[in-house]
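The primary structure of each chain is shown beneath.
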Amino acid sequence: MANAEKNAALNIPRGVYSSILPPSMRIPSAAENAQYNLMYYVKGALSGGICCAITHGALTPVDVVKTRMQLDPVKYNKGMIAGFRQVIDGEGAGALLTGFGPTATGYFIQGWFKFGGVELFKIKTAEALGPERAWAQRNNIYLGASALAEFIADIFLCPLEATRIRLVSNPSYAPSMASAMMKMGKEEGVLSGFYAGFGPILFKQVPYTMAKFAVQGAAAEKIYASVGSSPEKMSKAGNVSVSLGSGVVAGVAAAIISHPADTLLSKINKAGAGGSGGTMTRLVNIAKETGIMKLCTQGLGARCIMIGTLTAGQFGIFDTVMGMLGASKFHFHDPSKGHH
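Structural notes, computed from the coordinates. (Residues numbered from 1 in each chain as written. Predicted model: local features only at pLDDT ≥ 70, side-chain atom pairs only at ≥ 80, totals over all residues. Heavy atoms only, no water.)

1. Structural notes on the overall build of the protein
Helix and strand content of the protein: 15 helices and 0 strands. Taken over 340 residues, the protein has a buried fraction of 49%. Partitioning the contacts of the protein with sequence separation of at least 6, the portion at a separation of at least 24 is 74%. (Helix = DSSP H or I, 4+ residues; strand = E, 2+ residues; numbered from the N terminus. Buried < 20%, exposed > 50% of the residue type's maximum accessible area, 1.4 Å probe, protein only. Contact = heavy atoms within 4.5 Å.)

Structure follows, in structure tokens:
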């Protein structure tokens, strides 16, 4: 007799049987499934590192222009396309790749901890709650897992992001990522030089990542339901297509939510921004100088294009690399409909 049939025959509620029945008589949790072992999490982390490094690295030119628009809105005030022309005319096409090194390196590390962490925390929480409660709380699981994973990832990302912004705002600051980091550390110290923007980066990245994974998960569910399919029934190419489509929706939502903090982060890493004093004092000064409306809208169109494309690419590449590594991504399932 199948596990589900045994449970039904015994008339035991689904929310209870996972904790009281022996393993042979209950539906296995994600963690009990052999495929969700240490190697699964390593593959998830590696896939996350690869997808983030590729997407953020490829969009370095867009990020250069976006950052210039945020840091010097008086000069770069004619839109994204005009911004590209201004940078190329003033500094040459090579300037569009300013900060490529710290961008690719930083986001590989961040992607490793973010995607790997989300998979780990998501699956472990689902195991602890059991199938029925995990399904009912899946949105909260996405939010909690992504917030925790992003916090850990940002500890490693922050120094490289500070270096990238310094190089973009002042291309003559240093000839390379390594020399820029050494110079910043020597002149400003580790905390002031590399972690002045840690608060803003958390303020930006944590809500961004929470929206990104929760909205993507919900959007993917809607897409599968609309075509009457599921991740198990759909082909690999079909699943990647769903990831791309839901990723665009998630990216735009995440970009809007996190944009004010992104503007603050760009400005606070510019030398002298916000005057003297501690990080919070400088942030308040920058917010007052910029104004709430500009914080929320300055460069938003460019960022929606960038983050929408980037997020779709990340989920598409993540699923593709996971498949190449022989791993099948964990999905929540409605226990009332069985596990397909």
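Picking up after the structure, the text goes on.
2. Details of the environment of glutamate 132
Here glutamate 132 lies in helix α7 (residues 131-136). In sequence terms glutamate 132 and serine 336 are 204 residues apart; their C-alpha atoms lie 8.1 Å from each other.

3. Thoughts on the nonpolar core
By size, the foremost hydrophobic cluster in this structure holds 30 residues, and its most contacted members are Tyr40, Phe115, Phe330 and Phe332. If you look at the next biggest cluster of nonpolar residues, it comprises 19 residues, including Met69, Tyr76, Val87 and Tyr208. (Core = buried A, V, L, I, M, F, W, Y, C linked by side-chain atoms within 4.5 Å.)

4. Topic: helix α13 (residues 279-290)
With 12 residues, α13 extends 16 Å from end C-alpha to end C-alpha; this agrees with the ideal 16 Å at 1.5 Å per step. If you check which residues of α13 are buried, you get Arg282, Leu283, Ile286, Ala287 and Thr290. Summarising the axial view, the buried residues of α13 lie within an arc of 135°, below the 170-degree limit, and thus occupy one face. Set apart from the buried face of α13 by more than 90 degrees, the exposed residues are Met280, Lys288 and Glu289. Two residues or fewer past α13, glycine 291 is found with a positive phi of approximately 95°. (Expected span 1.5 Å × (residues − 1). Arc of directions from axis to C-beta.)

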